[in-house]
Amino acid sequence: MSHYRRCAGLCAPLFISVTLRTMMGLVLLQFTLLTRAQTPPPLPAMSRPAEAPPILPDRGNVTVLKLDDQLRMGQPIEDSKALTFTNSDSIDGVVDREMRLKDRAQIRRNGTVAKGNEIIYNPDTDVAKLNGNAELIKGNASFKGPNAQLTVDARTGEMETPVYVIGDSRASGKAKKLTIETGDLFVFDKATYTTCTPENLDWYFTANKIEIDTEQKEMTGKDGVMHLFDVPIAYVPYFSLPMGKERRSGILPPIAGYNSNNGFDITQPYYVNIAPNRDLTLLPRYMSQRGVQLGVGYRFIDTTYSGNVMGDYLPSDQKAGGISRWRYDWQQRQTLIGSPMGGPGSVNAYINAAKVSDNLYPTNFSQTVAGAVTSQFRQEVGAVSQLPSRLSNWTVAAKAMTFQTLQPNLPSTVVAPYNILPQVTAVYRSNLVPPSSGTDGRYITLPTGPQTMLLTDFSRFSYNIASSIPNTAPGIFSQADRTVVKGALEYPTITPGYYIRPKLSFQSNTYSATAYQPGYLPAQGFLIPTASLDTGLAFERDALEMGSFFGQNMLLSLEPRALYVYTPYVNQANTPLFDTADSGFGISQIFTENPFIGNDRVADSNKLTVGLTSRITEFNTGAERAVITLAQQQQFTAQQVGLTGNIASPTAYSDTLAAASVRLMGNFNADVFGQYNTQLNRFVQTTVGGSWRPTPGRSLNFGYRNVWQPPIQATPFNPIGTPSGTTTDQYNLSGQWPVTREVSLVGRWGYDSLTTKTLNTLVAVEYVRDCIVFRSAYSQLLLNNNTTTQILFQIEFRGLGVAGDNPVDLMKLNVPGYLPTPKPLPASTYENYQ
């Protein structure tokens, strides 16, 4: 235990040091306050020779300006109160008639700077003529030309053949003439606009007239022509572009692509900025093989509620025989009482509701891979409340939930879940005390002492078996009521060096179920107790022997853990299955009391799980360089309770799990996981993965996964048994790599050796220059024994807009470690500081 470092808390030497420094600072502050506003007075005459001049002249009551330690934004000043400053190498003229500023001449007024080789200013007309290298600066915008003429107070004027730069959007251009109509409105005749550098002028926009409003941060134009590599590609009679981050109503860049389901697919969004806390997006969509679809998205947020509503409607699908097809998705959170963050006395409600018109809607219309594989939509409404005052340890919740389960690949069917109408739960937890620092200031003391938990759950499950497709019903019951009561008592002792968690718990289930057809045994409930003991240690030392390998000081930790669970066997072959699933078997699942998720199954257990974790971490940063975990579960009595019935021929086997994650030099990462069954003498699960990411934008990945499933026998309530065999045997390769400074390739290939089929293929290319980004992707996905092909392309004119269907989400989903092209840093307020 002597190797442990302090995790948190105050250190006495540090506290004393900080206290002394604070006290000294307060004493010295009394002296500094006396000299803060003016310079020190001259020394007394007796302290220096009479002929010596004073060190600093006496300025009397004149305040001396102080230097600041950083640039700061001043408060805005009205034009009528602003002063005008001039500066030049020489000045001449007639007072009140004409003033000539020569050589590096400039006039400043209220954040606007005018420069020129010579400035001639007439006070009578308030006109300033800028001759030679004229330049006008307003915020992050600058305009340069040979000559200019300005009306200073009115801040109007004109400039011939100007060249301009807009720092906020990294834009630049030139024009035949600039007219300054107000201090914030600049009008260009025969102008160009681009965000490219002069060396790489890949695209530019020309227009007969361009107006830039620096106050509204908006640019508008007429008769615009888009040029790509000096080739005109598009004409627009009128356009408007934002020059800041403020939201504005208007047309958004189109989304275009091609896929085998819809043909050419084009969406033209239109954004409506209703209010600062709500907006609307209209999404008209044209598909060459199906017709025109109208989509809409509405977002809203306030102090007590937030949410969004989305929907699509296709009145006549040409490819599906003219039927109408639709989708809606409504998500909302609402605070009825109290704080949106919860707390005693609060009541928060929610709704999550989504539905589609038919089984093939996601496959036909989804523009993402995740959406295309969705086969279930949920309609849920509920509320959660933490009771007030003395009952604040109680949390009460209620919800109602129905499901729409799609059958996109008939005659192969998908089993639907039960609808829950309703579910009411109440949970009591005795210990809600947050962690606190120890009395000695060295460790974090976690809550200790007895902790109790009590949960009650009433649920009504229903399903219309009569109108369902054969083999899609979740069970034999058309309606069932289930009442669950859980309780637990534990007495944990937790310190940074060790912990012990003894626990006693129970679960009671009762059912009132009606079978769709007569002849079945009544649904069987149960009352099952469980006893468990979870304990672990933590050791840590300096790993001096690893310092030379990793190039810095390292720490080595050793963390053994043991969990014993005893749950007696209770036959659950006649217990229905409503909302329970197998949790799987991995490093996180092996240290659990019950291998099932849900309330309908409690596995019999007489098992001991032991594990050992070792970590190698950097001493200075705490970053993990390697983690290795070994865990083994010894079942003293064979587990008989399975998910869909009793396990066929149960054996008291011991599974061994191993997992390792290593990060070596050069950003090479390797992850390995394996589950080995000593009785069957085979690996049940195997996962191997590796990645190499030497620099941002460069990554290579490899993955392999194999899963073997033991047999599960059938029962009257669950007639579908599961034979043993390999259920997963898949490989995948992916990566992102630049082939030149401007071109990068992105790809993925997934293969299933059981079906000898390619699961997915992705080939993408990125072309990046300073002001233009082009992305294109070709994707094939095997879904429901059908192969869907997508072709996505996108071109981004930085500072202008984006056109096409964005393939970045597709690349992120398929290629771990993929990094899209970074966007330019936003312009600083002081980037063009004068």
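Here, every reference points to the structure presented above.
Just so we're clear, the structure is a prediction, and the values are computed from it rather than from any experiment. (Residues numbered from 1 in each chain as written. Predicted model: local features only at pLDDT ≥ 70, side-chain atom pairs only at ≥ 80, totals over all residues. Heavy atoms only, no water.)

**Things to note about the pairing of strand β49 (residues 801-804)**
No. 1: Relative to β49, strand β48 (residues 786-797) is paired through 4 bridges, and the arrangement is antiparallel. Bridging from a neighbouring strand, Gln794 pairs with Gly804 of β49.
No. 2: A loop of 3 residues connects β48 with β49, the two strands running antiparallel in sequence, and Gly799 in this loop sits at a positive phi of about 90 degrees. (Pairing = 2+ DSSP bridges. Helix = DSSP H or I, 4+ residues; strand = E, 2+ residues; numbered from the N terminus.)

**A few points about the state of the cysteines**
No. 1: Taken as a whole and judged by the stated rule, the model has 1 disulfide.
No. 2: A disulfide bridge connects Cys196 with Cys771, and the sulfur atoms are separated by 1.8 Å. Note on the Cys196 and Cys771 pair: the S-S dihedral is about 75 degrees, so by sign convention the disulfide is right-handed. One end of the pair, Cys196, is in the loop between β11 (185-193) and β12 (203-213); the other, Cys771, is in the loop between β46 (757-768) and β47 (772-783), with 575 residues separating them in the sequence. (Disulfide = S-S within 2.5 Å.)

**A closer look at the nonpolar core**
No. 1: Formed by 42 residues in total, the largest nonpolar core has its most connected members in Phe143, Phe188, Tyr193, Trp203 and Ile210.
No. 2: Ranked by residues supplied to this core, first place goes to β12 with 5 residues.
No. 3: With residues near it in sequence (within four places) discarded, Phe143 still touches Ala134, Glu135, Leu136, Met159, Val163, Tyr164, Leu178, Phe186 and Phe188.
No. 4: By size, the runner-up hydrophobic cluster in this structure holds 13 residues, among which are Ile476, Ala480, Tyr511 and Phe578. (Core = buried A, V, L, I, M, F, W, Y, C linked by side-chain atoms within 4.5 Å. Buried < 20%, exposed > 50% of the residue type's maximum accessible area, 1.4 Å probe, protein only. Contact = heavy atoms within 4.5 Å.)

**Let's talk about the pattern of salt bridges**
No. 1: Summed over the entire model, instances satisfying the criterion amount to 30 salt bridges.
No. 2: Here Asp534 and Arg561 are joined by a salt bridge, their closest N and O atoms 2.8 Å apart. Of the two residues, Asp534 is situated in strand β33 (residues 526-537) and Arg561 in strand β35 (residues 554-567); the sequence distance between them amounts to 27 residues.
No. 3: By relative accessible area, which is 11% here, Asp534 ends up buried.
No. 4: According to the relative accessible area criterion, Arg561 is partly exposed, its value standing at 28%.
No. 5: The salt bridge partner of Glu559 is Arg615, with a shortest N-O separation of 2.9 Å. Here the residue Glu559 occupies a position in strand β35, and Arg615 occupies one in strand β38 (residues 605-618), the gap between them amounting to 56 residues.
No. 6: Using a relative accessible area of 24% as the deciding quantity, one classes Glu559 as partly exposed.
No. 7: Classification of Arg615 as partly exposed rests on a relative accessible area of 25%.
No. 8: Members of the salt-bridge network, linked through shared partners, are Arg290, Asp317, Arg325 and Asp358. (Salt bridge = Lys/Arg side-chain N within 4 Å of Asp/Glu carboxyl O.)

That's the geometry; what it means functionally is another story.
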